[in-house]
Amino acid sequence: MCLRRLLQSAQLQRAWRAVFVKHGQGRHQGAWRWTHSGGGTYRAVIFDMGGVLIPSPGRVAAEWEVQNHIPSGTILKALISGGENGPWMKFMRAEITTEDFLQEFGRLCSEISKTSVPLDSFFSLLTSERVAKPFPVMTEAITQIRAKGLQTAVLSSNFYLPNGKSFLPLDRKQFDVVVESCLEGVCKPDARMYKLCLERLGRQPSESIFLDDLGPNLKAAASLGIHTIKVHDPETAVKELETLLGFPLRMAVPNTRPVRKTMEIPKDSLEKYLKDLLGTQATGPLELLQFDHGQSNPTYYIRLAKHQLVLRKKPPGTLLPSAHAIEREFSFLCSGRIMKALANAGVPVPKVLDLCEDSRVIGTPFYLMEYCPGLIYKDPSLPGLEPSQRRAIYTAMNRVLCKIHSVDLKAAGLEDYGKHGDYVARQVQTWIKQYRASETSTIPPMERLIEWLPLHLPRQQQTTVVHGDFRLDNVLFHPETAEVLAVLDWELSTLGDPLADVAHSCLAHYLPSSFPVQPGLSDSDLSELGIPTAEEYFRMYCLHMGICPTENWNFYMAFSFFRIAAILQGVYKRSLTGHASSATGEQTGKLTEFTSNLAWDFAVKEGFRVFKEMPASKPLTRSQHTRARPQSLPRTPGMRSYVTSTDSSPAHISKGALVFSPEGLSPPVRELYQWLKQVMERHVYPAEPELQHHQTSAEKWTPSPLLEDLKEKAKAEGLWNVFLPVETDPEKKYGAGLTNEEYAHLCEVMGTSLYAPEIFNCSAPDTGNVELLVRYGTEEQKARWLIPLLEGKARSCFAMTEPQVASSDATNVESSIQEEDGFYVINGHKWWISGILDPRCQLCVFMGKTDPHAPCHQQQSMLLVPMDTPGIKIIRPLTVYGLEDAPGGHGEVLFEQVCVPKENMVLGPGRGFEIAQGQLGPGRIHHCMWLIGYSERALALMKARAKSRMAFGKPLVEQGTVLADIAQSRVEIEQARLLVLKAAHVMDVAGNKAAALDIAMIKVGAPPMAYQVTDRAIQAFGAPGPSSDYPLAQFFTRARALRFADGPDEVHRAAVAKMELKRCS
Ligand SMILES: Cc1cc2nc3c(=O)[nH]c(=O)nc-3n(C[C@H](O)[C@H](O)[C@H](O)COP(=O)(O)OP(=O)(O)OC[C@H]3O[C@@H](n4cnc5c(N)ncnc54)[C@H](O)[C@@H]3O)c2cc1C
């Protein structure tokens, strides 16, 4: 099966509709010839469903019982229990609902087995796509029966699914009549069922054959005069049916089918051509079948006298210029040097006989190969094989790929078989072009990939022969062993990066079994099946090739899926203009999105890999000495150094030097910093106008799709959750392992855009809540809240402030948290709760009183409240200088009888203050770091404006007051930055508690500084300054509001004074 066949829309439709004819392994071992003796007296074949066309419920139950440790035979006993009036029969006649059935049947099973039986899981398995799959041998037989002009019917005992549809996992188009027990309200062996079926078929009982696995059903049919076949196993039943019908129901040649109507070729002309080619002994009728793989270039089986051949031709119609290069494939397979090279490397390929370029013979050029009897495994789960056999098949496939990649290019004279180097880069461009040519609407992950792939190309690539479409169903195996007989479909072969082949051959590992174009393995238990995982397969490859596993494997997977998505998009586009049904077209469109999302998942994994592999900064050692140290780092131009002066704060004990400029950061952090700046330039600043527009549009209370898209990009760049300090997360389980001081530099850059903190998943109040969960959350709390927050899928809020009390003093907070019947019940009125209006907000960290009689600082507790808990009423969004800060907003909220499980308490009742004041730190100074960023951006904008604007005959920048404002701003920014960095540094070296003074100082210092700097910038701008054309107005209002949020200036000033006075005494 070739990748390019997907480029043909009609082909996808076929693939879509196709019942995947997976030939039973080992079945077609001989090359039988069937004598077609006609259809006899029978005109219709009627099939039971469960046990005949799909696995029987009894068989599914037996396997399920073993897996679930349920006494064997429980389900079977329950199925027959009660006879006609048992729950199963009632369910089949739709006399009871699924819910009632599950209840009644479950009870029955529990009575029989004396244990609790999780019936839901059995029911899901029974009706799952994985299990309820038609037997290929039956599907094939039905195709043959219908090809002979006989009718087919299914007489099913089935039921309604919870979605209201009847359970019929079959292709209805394969049957002239479908009789369903749940629709008719009658069930086999009731004679009415059979009569109904015969009537609809318009057949007499004697003209029909009925296949069932259950004796009573067969007996009832036989008593009406229908010929019956008992089905013990589908294979034997088909043989029996063949005897009765007198014509073959299975193809003698594996993986073939009768030639499709649209794929017919002129037999006479072909026969004449073959006789000329093969000589006089080639006499006899020409037998022609079509392989059900190789559809990009339709492939046929030919038998003429003693010759068995394979014909591969171009498809009919107009083709893309580069597609279906069978001449190239032919010349590849015919080239003596290539054959020799492949043979020397141990790569078996089919033996090619002739190329016919004369389109007059069969309508298109074609070439002929010798037929090589073997098996092609179309289903990667290799049904019917033992685990050890499966492993052997995958190992053999892996080995042969290694052999292809080991061909000595020079010795084989293949150095000119393709371009050297940059294979992946060229491929990426080719598929981007292909995609753009067939693009119908914007698919966000595709856009992201188009940007991401060229920027993350592998630095080192080997050049070998590459197959270009290497996968299981392009490998022909010996019918009885795992020996590879031939590697097929060399159409896309060239010279290139071998890892692209390896990744391509792993695609099935990540696709679901129900994926219409190619069944996958993602929902299979690979260890149970004996199939190596993609990682094992890749390691196996590296081991054989003697190479180290490449670290950017995710890139190759991302590219492979991107290529598939681009191909599917081509198919989709053609389906819109071609004859595909709209449903098919729509589904194909979804497949493009699905595969592009898979591709993007790998891009994100690559981002996380880079991020995780960054060496964690070591938490700085804390010592007990107070001493300034000389700077020891080598100075680089533009880099200033500073050693924390501890004179002023005896408690702040520092051992590391304060890095006050990014140039002083360690190389990996500096790289991260530079990368962040690049991403800001490339993605964040250009997106600001649209993000700003969204905030004022009618959709403002829903997250901006652009922002969500930027978040995805940030993930794939490894710029995600960098805020969590190494001290809180020493094993780098959740964050990047930066110190507070290192993060301060990055955080400042993020602060230059109002949107950046959220884009990099570093925004408030999530950062503080994440820190709280990492430090104090139980494993259950972490699993439920922390992970979605870290993944950026959820948001959170923090609810402390109350309208009725002065909340600067948190001991005033009145909301009550009372224990009742194993729950906590909350009542309270909060306001200014940032983020609570965001539809993604799932968690509210709630501060309230559990014990009003306890000592003052032990009355408050922190509780994790799911936002969907009944009783939370948002009264209104509040505005900050007229701005709503959508979609998070700042809400006024009532909590009325909000009932929360006791396990949601953080740390324990009465420990709210301890959490809020004692330990948490980083979340508290992020605002200050951002404020430095606001100010830098405001100053930059101010300078640019003042340079270009003329007033009174000279640029503004030459006006003395403007110069003074610029100078003053620089001085203030530098002061504040040093104080922020110092606070961060002391947190790193002495701990959050010891840094309380520095944190309080910067909380006093940073907001007014940013307020002043942005105010000056606004002034220099003139009228547009306070407009929303620039971020200045928002910087200004935020800076102003931050003089309350996180506690008012006065409270922090009071804290500084208190500590200062204590120190002096
Ligand atoms: C934009 C914004 C976002 C916010 N987000 C949140 C949030 O997410 N969650 C949350 O719980 N709260 C939030 N708040 C509320 C914020 O934390 C409180 O406004 C702050 O703690 C002050 O409490 P208060 O408004 O009740 O003021 P009050 O306690 O009533 O104080 C009023 C004023 O009194 C003065 N004052 C108070 N104490 C002293 C003192 N010791 N000495 C001298 N003067 C003093 C100060 O000037 C103060 O501004 C937010 C506020 C804003 C503006």
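About the cut-offs
Residues numbered from 1 in each chain as written. Predicted model: local features only at pLDDT ≥ 70, side-chain atom pairs only at ≥ 80, totals over all residues. Heavy atoms only, no water. Pairing = 2+ DSSP bridges. Helix = DSSP H or I, 4+ residues; strand = E, 2+ residues; numbered from the N terminus. Salt bridge = Lys/Arg side-chain N within 4 Å of Asp/Glu carboxyl O. Buried < 20%, exposed > 50% of the residue type's maximum accessible area, 1.4 Å probe, protein only. Axes fitted to C-alpha atoms, helices over the stretch in contact; angles between N-to-C directions. Contact = heavy atoms within 4.5 Å. Expected span 1.5 Å × (residues − 1). Bend = angle between axes of the 7 residues up to and from the residue. Near = heavy atom within 4 Å. Polar contact = N/O pair within 3.5 Å; in protein donor to acceptor, adjacent residues only side chain to side chain. Areas by Shrake-Rupley, 256 points an atom, 1.4 Å probe, with all protein chains shown as cover. Parallel < 35°, antiparallel > 145°, perpendicular 65-115°, else oblique. Left-handed = near helix turned anticlockwise from the far one by under 90°. Nonpolar A, V, L, I, M, F, W, Y, C, P; charged D, E, K, R; others polar. Arc of directions from axis to C-beta. pLDDT = per-residue confidence, 0-100.

Some details on the sheet that holds strand 8 (residues 299-304)
Reading across from one edge, 6-7-8-9-11-10 is the order of the six strands in this open sheet, with antiparallel pairing throughout. With partners counted over all chains shown, the strands left at the sheet margins are strand 6 (256-257) and strand 10 (352-356), one partner each. Where strand 7 (residues 286-291) meets strand 8, five bridges bridge the pair, whose relative direction is antiparallel. Bridging across to strand 8, Glu-287 finds its partner in Arg-303.

Describing the pattern of salt bridges
Two side chains with opposite charge may pair up if their charged atoms get near one another. For the structure on display, the rule yields 53 salt bridges. For Lys-188, the salt bridge is made with Asp-212, and the minimal N-O distance between the two is 3.7 Å. Remark: Asp-212 occurs in strand 4 (residues 208-212) and Lys-188 occurs in the loop between helix 8 (181-184) and helix 9 (191-201); sequence separation between them is 24 residues. Take Asp-212: its relative accessible area is 0%, and that puts it in the buried class. Within this structure, Glu-708, Lys-711, Glu-758, Asp-766, Arg-795, Asp-838 and Arg-840 form a network of salt bridges that share partners.

Quick notes on the sheet that holds strand 1 (residues 44-47)
Within the open sheet, the five strands sit side by side as 3-2-1-4-5. Their pairing is parallel. Among the strands making up the open sheet, the edge pair consists of strand 3 (177-180) and strand 5 (227-230). Averaged over all pairs of adjacent strands, the angle between strand axes in this sheet comes to 20°, irrespective of strand direction. Two strands pair when backbone bridges link them, and strand 4 and strand 5 are joined in this way by four bridges, in the parallel orientation. Bridge pairing in strand 5 places Leu-211 opposite Ile-229. Taken strand by strand, helix 9 contacts strand 1, strand 2 (151-156), strand 3 and strand 4, and its axis lies near 160° from that of strand 3.

Here we look at helix 24 (residues 667-696)
Over its 30 residues, helix 24 extends 41 Å from the first C-alpha to the last, a length consistent with the 44 Å expected when each residue adds 1.5 Å. Its axis deflected by about 50° at Glu-688, helix 24 carries its strongest bend there, up to four residues before the proline Pro-689.

Focus: the site of the ligand
Around the ligand sit 21 residues in total, of which Phe-798, Met-800, Thr-801, Ser-808 and Trp-832 are the nearest. Backbone polar atom of Met-800 to an oxygen atom of the ligand: 2.8 Å apart, as the coordinates give it. Thr-801 is positioned with one of its side-chain polar atoms (N or O) 2.6 Å from a nitrogen atom of the ligand. For the ligand, whose accessible area on its own is 970 Å², the fraction buried by protein is 67%. Looking at the shell around the ligand, the elements that each hand over two or more residues are strand 18 (795-799), strand 20 (823-834) and helix 35 (1049-1064).

Description of the packing of helix 2 (residues 57-67) against helix 6 (residues 119-127)
Interhelical geometry of helix 2 versus helix 6 gives an angle of 130° and a closest axis separation of 10 Å. Here helix 2 lies oblique to helix 6, going by the angle between them. For the crossing formed where helix 2 meets helix 6, the hand is right-handed. Here helix 2 contributes Pro-57, Val-60, Ala-61 and Trp-64 to the contact with helix 6, which in turn contributes Ser-121, Phe-122, Leu-125 and Leu-126. Among the residues making up the contact of helix 2 with helix 6, the classes are represented as seven nonpolar, one polar and no charged.

Structural notes on helix 2
Buried within helix 2 are the following residues: Pro-57, Val-60, Ala-61, Trp-64 and Glu-65. Along the axis of helix 2, the buried residues cluster in a sector spanning 135°; they form a single face. Of the residues one or two after helix 2, His-69 is the one with positive phi, at around 55°.

Some words on the confidence of the model for the protein chain
Across the protein chain, pLDDT averages 85, with 88% of residues at or above 70. A low-confidence stretch, residues 1-39 stays under pLDDT 50, and its non-local contacts, those more than four residues away or across chains, total 129 contacts. Considering only residues more than four positions removed or in separate chains, one finds that residues 622-654, a stretch of pLDDT under 50, has 72 contacts.

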